[in-house]
Amino acid sequence: MIQTSEDFRAWLVAMGKKRGLQAISQHEASRLLGYSRGSISKIAAGRRRIPRYISLACQALAADLPDRDAEELAEGPILKVRLVRDR
């Protein structure tokens, strides 16, 4: 699990090696993770805590899990949530 800035920087290197590079850029990490470039920079520098969903997304990308597009999601089970307001 990616919990520290060192873990995150190691993930950048590991993702780069899969592509024949030294490391992927922070710009590319931003694009892959759907997270702002500034936030990625702060995570890499240790100035921002790594949100759990970003850590999980990094793990999914490292494991080469397939993307699920809207068609696949529509075919699979759907979880319906009803929001209830406090009165």
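Please refer to the structure placed before this passage.
This write-up is about the structure you can find in this document.

Moving on, we get to the pattern of salt bridges. Under the defined criterion, the tally for this structure stands at 4 salt bridges. Measuring nitrogen to oxygen at the nearest pair gives 3.4 Å for the salt bridge that ties Asp64 to Lys18. On the criterion of sequence distance, the pair formed by Asp64 in the loop between helix H4 (52-62) and helix H5 (70-75) and Lys18 in helix H1 (residues 5-18) is long-range, its members being 46 residues apart. The exposure class of Asp64 is exposed, given its relative accessible area of 56%. Residue Glu28 is joined to Arg31 by a salt bridge in which the shortest nitrogen-to-oxygen separation is 2.7 Å. Here Glu28 pairs with Arg31, and both are found in helix H2 (residues 26-33), just 3 residues apart, close to one helical turn. Residue Arg31 is classed as exposed on the basis of its relative accessible area of 54%. Among the charged side chains, a salt-bridge network with shared partners connects Arg19, Glu28 and Arg31.

Turning our eyes to something else, we now look at H4. Buried within H4 are the following residues: Ile54, Ser55 and Cys58. The buried residues of H4 occupy an angular sector of 105° when the element is viewed end-on, so they sit on one face. Of the exposed residues in H4, the ones pointing more than 90 degrees away from its buried face are Arg52 and Tyr53. Following H4 by one or two positions, Asp64 has its phi on the positive side, about 55°.

With their axes 7 Å apart at the nearest point, H1 and helix H3 (residues 37-45) run at an angle of 115° to one another. When H1 is examined against H3, the residues Ser5, Phe8 and Arg9 are found in contact with a partner set consisting of Ile40, Ile43, Ala44 and Ala45. Grouping the amino acids of the contact of H1 with H3 by side-chain chemistry returns 5 nonpolar, 1 polar and 1 charged.

Each value, and the rule that gives it
- Residues numbered from 1 in each chain as written.
- Predicted model: local features only at pLDDT ≥ 70, side-chain atom pairs only at ≥ 80, totals over all residues.
- Heavy atoms only, no water.
- Salt bridge = Lys/Arg side-chain N within 4 Å of Asp/Glu carboxyl O.
- Helix = DSSP H or I, 4+ residues; strand = E, 2+ residues; numbered from the N terminus.
- Buried < 20%, exposed > 50% of the residue type's maximum accessible area, 1.4 Å probe, protein only.
- Arc of directions from axis to C-beta.
- Axes fitted to C-alpha atoms, helices over the stretch in contact; angles between N-to-C directions.
- Contact = heavy atoms within 4.5 Å.
- Nonpolar A, V, L, I, M, F, W, Y, C, P; charged D, E, K, R; others polar.

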